[in-house]
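Tertiary structure, described
Here's the letter readout for the chains.
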Amino acid sequence: MSNGAPISVLWPDPSPEPVDDDTLIARYGRAGQPHLRMNFVTSVDGAVSLDGYSAGLSGAPDKRVFGLLRMLCDALLVAAGTLRHEGYRAIRLDERRRAWRRSHGLTEYPTLVVVSGSLDLDPAQAAFADAPVRPVVLTRRDATAPPGLTRVADLVRHGEDRVDLVAGLADLRRRGLGQLLCEGGPHLFGALTAADLVDEVCLSIAPLLAGAGPGRITAGAPSPARHLPLRHVLRADDGTLLLRHARH
């Protein structure tokens, strides 16, 4: 795997020397138990997007970590709104990352898991139609699927008026998808936090001021504050900070 954009360790064990991908993998790693990791990028002033899209905040260092986190997970969890708005394509990895997964006893690709209460999804979207692994959709018991969706995805139904995330994640873990990476959006982040399901937050802080307008990385009904200790701080040459907060 290419080492990509230079990243060094600020804390703990600070060093100005750029780290390689093996070191980054060890820093992030896979947990020894079922685990939900959130990954977000934000501006210095807390914006979740620039010009309406998160890609405007994401530079080469963030993309480097983004790719490694996808390689490490069993399943990639994303809200339907984010899937539509960000134009998600099929979740694919290059041969080097597929080889790493094979060597660690994992499937070649992570499974895409979409959370959708309404099933307002397009089966022709590349995230479904071109997926190398059949995606899973977490939804409500009585949500009506659009024509063709069950041909390209498995529907997992939990909850009445809204998706029951606790039951849904338990179901994923019974399917062998214990290491979950969630890329948002903000309302899903807020709902997972309210349900006390978030074990880790990986946050890239871009050296940009976005100004007023964009929302925060989390949204929805208020919930109690929860302590999430800082585990490392990395720094990229372009000034991006890469933080990892985790329960363990």
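Residues numbered from 1 in each chain as written. Predicted model: local features only at pLDDT ≥ 70, side-chain atom pairs only at ≥ 80, totals over all residues. Heavy atoms only, no water.

Glancing now at the packing of helix α2 (residues 60-72) against helix α4 (residues 95-103). Where α2 contacts α4, the two axes come as close as 10 Å, and the packing angle between them is 35 degrees. Here α2 runs over α4; the crossing is right-handed. On α4, the residues that touch R64, G67, L68, R70, M71 and L72 of α2 are R97, W100 and R101. Within the contact of α2 with α4, the residues separate by chemical class into four nonpolar, one polar and four charged. (Axes fitted to C-alpha atoms, helices over the stretch in contact; angles between N-to-C directions. Helix = DSSP H or I, 4+ residues; strand = E, 2+ residues; numbered from the N terminus. Left-handed = near helix turned anticlockwise from the far one by under 90°. Contact = heavy atoms within 4.5 Å. Nonpolar A, V, L, I, M, F, W, Y, C, P; charged D, E, K, R; others polar.)

Below, the discussion takes up the environment of T23. Locating T23 in the fold gives a position in helix α1 (residues 21-28). Residue class for T23 comes out partly exposed when judged on its relative accessible area of 32%. At 2.8 Å, the side chain of T23 and the side chain of D20 are in polar contact. (Buried < 20%, exposed > 50% of the residue type's maximum accessible area, 1.4 Å probe, protein only. Polar contact = N/O pair within 3.5 Å; in protein donor to acceptor, adjacent residues only side chain to side chain.)

So, on to α2. Taking 1.5 Å per residue, 13 residues should reach 18 Å; α2 reaches 19 Å between its end C-alpha atoms and fits that length. Counting buried positions along α2 gives 10 out of 13 residues, so the element sits mostly inside the fold. Buried within α2 are the following residues: P61, D62, R64, V65, G67, L68, L69, R70, M71 and L72. (Expected span 1.5 Å × (residues − 1).)

Taken together, L10, W11 and L230 make up a surface patch of nonpolar side chains, about 270 Å² in accessible area. By secondary structure assignment, the location of L230 is in strand β9 (residues 230-236). (Patch = residues over 30% accessible without salt bridge, like charges linked within 9 Å, V, L, I, M, F, W, Y side chains within 5 Å. Areas by Shrake-Rupley, 256 points an atom, 1.4 Å probe, with all protein chains shown as cover. Salt bridge = Lys/Arg side-chain N within 4 Å of Asp/Glu carboxyl O.)

With six bridges connecting them, strand β8 (residues 200-206) and strand β10 (residues 241-246) associate as antiparallel partners. Its bridge partner being in β10, V201 is matched across the sheet by H245. Bridge count between β9 and β10: five bridges; the pairing is antiparallel. Its bridge partner lying in β10, H232 is registered against R244. Linking β9 back to β10 in an antiparallel pair, the connection comprises four residues, with G239 at a positive phi of about 95 degrees. (Pairing = 2+ DSSP bridges.)

Taken as a whole and judged by the stated rule, the model has one aromatic pair. Pairing F40 with F189 gives two aromatic rings, centres 5.1 Å apart and planes at 20 degrees, and the pair type is stacked. Linking F40 in strand β2 (residues 35-43) with F189 in helix α8 (residues 186-194), this pair joins segments that are 149 residues apart in sequence. The class of F40 is buried, set by a relative accessible area of 6%. (Phe/Tyr/Trp six-rings, centres within 6.5 Å; stacked < 30°, edge-to-face > 60°.)

What follows deals with the state of the cysteines. Counting across every chain of the model gives zero disulfides. For the unlinked cysteine C182, the closest cysteine sulfur is that of C73, found at 11 Å. Note on C182: relative accessible area 0%, which makes it buried. Note on C202: no disulfide assigned, nearest cysteine sulfur contributed by C73 at a separation of 12 Å. (Disulfide = S-S within 2.5 Å.)

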